[in-house]
Structures are given as C-alpha cells and as structure tokens.
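Take a look at the letters that make up each chain.
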Amino acid sequence: MPLTLATWNINSVRLRMPLVEKFLDQWQPDILCLQETKCPNDQFPSSPLNARGYVHQAIHGQKGYHGVAILSKIPLDDHTKRDYCNVGDSRHVSALFKVNGRTIRLHNFYVPAGGDEPDRAINPKFGHKLDFIEEMKHLDAEGEAETSSILVGDLNIAPYENDVWSHKQLLKIVSHTPVETEGLKEVMARGKWLDLIRHRTPEPEKIYTWWSYRSANWQLADKGRRLDHIWSSADLGPHLTSTEIVREARGWDRPSDHVPVIIKLDI
DNA sequence: ATGGTTGAGCATCAA
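Naming follows an unreviewed UniProt entry, where chain A appears as Exodeoxyribonuclease III of Rhizobium setariae. In its Sequence similarities (unreviewed entry) section, UniProt records this for chain A: "Belongs to the DNA repair enzymes AP/ExoA family."

Below you can see the structure in the form of structure tokens.
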C-alpha cells in the first residue's frame with residue numbers, strides 16, 4: 001500500500017493557507033506535517049483541510065511563535081506532545097496511525113533555530129538548541145513494541161557537508177557548527193534512526209530545503225541548507241520508493257523560506 | 001566584515 005508523507009515549515013499557516021491548498025491539491029500527500037504555524041489552536045484554519053479530506057488533525061500551536069501540526073487523511077490515535085526543555089514552547093507533537101496492519105509512530109519537530117552566535121555562554125538561544133538536541137537523544141525509533149517510527153520536521157541543523165552550499169564557510173554559522181552536526185548525528189545513532197532523504201540521495205550530492213529571505217536572487221545564488229528532515233526506523237528503509245524536495249515552492253507567491261520534503265513508502 | 005528579508009502584532013523579537 002502506498003503512503004505519501006510530507007513535511008513543511010510554513011512560517012505562518014494562516015498567511016500561507018493558499019499555498020498549503022495548492023500543495024495538497026497538486027501533490028496529494030496522505031499526511032502533511034507543518035512547523036512554525038504561528039497560530040493558536042482555536043484559530044487554526046481547519047475548514048479548507050476538512051474539505052480536502054484531511055479531517056484527522058493533531059494541532060499543537062501557540063500565539064505568535066512556533067507551533068506544529070499533523071494533518072492526515074488516515075485516522076490518528078494517541079496524540080501526544082512533549083515540552084522539550086520545559087519552557088512551554090509548542091515544538092513537538094506525535095500521533096499513531098496504521099497502514100496495512102503496521103502501526104507507525106509519527107513525531108513532528110520544530111527544533112529551536114538557536115540565534116546567531118554559536119556560543120551558549122553569551123547566547124542563551126544556542127544553549128536552548130543544544131539542550132533540545134540533548135533531550136532528543138533519548139528518543140528511540142524502536143522504543144515501542146510492534147511499532148515502526150517516522151520523525152519529521154524543521155530540525156534547524158544541516159548535518160552533512162553537502163547539506164550546505166559551502167561546508168567551510170558555514171562551520172561557524174549556527175545550523176552547521178560541529179557541536180550541532182555531531183549532536184544531531186548522535187541523536188540518529190542512539191535512536192537508531194535512518195535519514196531517508198540521504199538514504200535515497202547519498203553524499204556528495206547537494207540537497208537544500210531552505211533558502212534565506214535575506215539574499216536576493218535565491219535561485220541563482222543557491223546558497224541553501226538542508227534543515228528539514230524525514231527519518232524512520234530501519235525497518236521502513238526497504239519500503240522507501242521515492243523522495244522529493246519541492247524546490248519550486250520557494251518561488252511561489254509570498255513563499256515560506258522552507259520548501260516541502262516528501263517521501264513515498266510502499267507498505 | 002556587514003547587511004540583507006519576513007512574520008506576528010504593534011515595539012520589538014525571532015528567524
């Protein structure tokens with residue numbers, strides 16, 4: 001049975017609902033995970049989603065900042081959320097779903113960006129990011145009996161050399177510093193997670209999912225980073241049939257600075 | 001080395 005799953009940092013779900021609708025109509029994923037919805041739960045624009053069959057929604061938002069949501073055509077059970085670092089941010093939500101008799105735990109993350117200065121002694125936001133990553137090291141892809149796992153989201157770290165436009169020039173730039181990239185690799189190793197996008201498209205091929213608003217001519221300069229990820233437990237690896245980075249979405253009218261990342265599994 | 005843009009919500013802060 002085919003399963004299509006997408007993740008997208010939307011940078012305000014209310015402002016960009018027309019783009020969400022366009023994406024859903026054209027790509028028709030079974031499940032869409034959003035980050036940076038910037039929207040309180042009671043103001044979430046559910047109607048256009050219900051009209052398209054995404055009637056199963058695990059929404060965890062807050063006013064003004066952060067916010068994550070799982071929007072699904074497949075029934076979701078056991079919605080849970082975890083307050084990483086105990087600071088009250090809406091940065092994680094998870095749910096269970098079933099495909100062809102297999103139970104899958106889906107985690108949707110929005111990891112803190114970490115500010116500009118990669119030194120926790122002078123930048124508390126960077127310390128918060130490192131603490132968040134440390135806490136993620138306890139998340140095991142095989143942690144629940146008889147359950148596969150998928151982890152998606154804006155992890156705000158580009159872990160490999162070819163996840164950025166220039167490895168050397170970004171080594172001291174937050175998102176690609178060694179303490180972050182090694183930390184994220186440790187999250188993957190300890191939790192036995194498989195990076196499905198790199199599994200399909202190994203290094204040294206460049207992959208980007210984000211281009212800054214601050215550089216004019218993003219397309220020509222192409223100074224991107226791979227900040228958005230889809231991981232799974234190892235058992236799902238052989239079921240991966242395709243991956244896609246929807247680069248064209250960066251060129252849509254009033255775009256997010258992130259683009260959708262999609263996997264297809266045959267389960 | 002610096003500055004560049006966007007969004008929430010109304011002065012800045014976060015990214």
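Moving on from the coordinates now.
Trainee: Summarise the sheet that holds strand S10 (residues 228-233); cite the residues concerned and give the values.
Mentor: If you trace the six strands from one edge of the open sheet to the other, you get S5-S6-S7-S8-S10-S9, paired in mixed fashion. Either end of the sheet is taken by a strand with one partner, and the two such strands are strand S5 (77-80) and strand S9 (193-195). Strand-to-strand twist in this sheet, taken as the mean axis angle between neighbours without regard to direction, amounts to 20°. Docked against the sheet, helix H5 (residues 178-191) engages S9 and S10, running at close to 125° with respect to S9.

Trainee: So what's going on with the side chain of Asp163? Residues and values would help.
Mentor: With respect to the secondary-structure elements, Asp163 resides in the loop between strand S8 (147-154) and helix H4 (167-170). Residue Asp163 is classed as buried on the basis of its relative accessible area, which comes to 0%. In terms of polar contacts, Asp163 uses its side chain to reach the side chain of Arg198, at 2.8 Å. Excluding residues within four positions of it along the chain, Asp163 makes contact with Ala158, Arg198, Glu203, Ile207, Tyr208, Gly224, Arg225 and Arg226.

Trainee: Give a description of the UniProt feature "binding site: Mg(2+)" (unreviewed entry) in chain A that names residues and reports values.
Mentor: In this structure's numbering, the residues bearing the UniProt feature "binding site: Mg(2+)" (unreviewed entry) are Asn9, Glu36, Asp154, Asn156, Asp257 and His258. For the annotated residues, spread through 250 residues, the largest C-alpha to C-alpha distance comes to 12.4 Å, consistent with a single compact locus. Note that Asn9 resides in strand S1 (residues 2-9). When sequence neighbours within four positions are dropped, the list of residues in contact with Asn9 reads Gln35, Glu36, Tyr110, Asp154, Asp228, Ser256 and His258. A polar contact of 2.9 Å, which involves the side chain of Asn9, links it to the side chain of Asp154.

Trainee: Could you give an account of the nonpolar core, with specific residues and numbers?
Mentor: Residues Ile70, Phe97, Leu106 and Ile150 are the most contacted members of the largest nonpolar core, which totals 28 residues. A per-element tally of this core places strand S6 (residues 92-99) first, with four residues. Residues within four places of Phe97 in sequence aside, it is in contact with Leu3, Ile31, Ile74, Pro75, Leu76, Arg102, Thr103, Ile104 and Leu106. Among the nonpolar cores identified, the runner-up in size contains 26 residues, and Ala6, Leu19, Tyr208 and Ala249 belong to it.

Trainee: Please give an account of the protein's contact with DNA strand B that cites residues and values.
Mentor: The environment of DNA strand B is formed by 17 residues, the closest being Ser12, Arg16, Tyr213, Arg214 and Arg254. For DNA strand B, the fraction of protein-proximal atoms (within 4 Å) that sit in sugar or phosphate groups is 70%. In this structure, a phosphate oxygen belonging to DNA strand B sits 3.0 Å away from a side-chain N or O atom of Arg16. For DNA strand B, a sugar or linking oxygen lies 2.9 Å from a polar atom in the backbone of Tyr213. Partitioned by chemical class, the residues of the surface near DNA strand B number five nonpolar, four polar and eight charged.

The rules behind these values
Residues numbered from 1 in each chain as written. Chains lettered and ligands numbered in written order. Predicted model: local features only at pLDDT ≥ 70, side-chain atom pairs only at ≥ 80, totals over all residues. Heavy atoms only, no water. UniProt positions renumbered as here; feature names shortened; annotations may be inferred. Pairing = 2+ DSSP bridges. Helix = DSSP H or I, 4+ residues; strand = E, 2+ residues; numbered from the N terminus. Axes fitted to C-alpha atoms, helices over the stretch in contact; angles between N-to-C directions. Contact = heavy atoms within 4.5 Å. Buried < 20%, exposed > 50% of the residue type's maximum accessible area, 1.4 Å probe, protein only. Polar contact = N/O pair within 3.5 Å; in protein donor to acceptor, adjacent residues only side chain to side chain. Core = buried A, V, L, I, M, F, W, Y, C linked by side-chain atoms within 4.5 Å. Near = heavy atom within 4 Å. Nonpolar A, V, L, I, M, F, W, Y, C, P; charged D, E, K, R; others polar.

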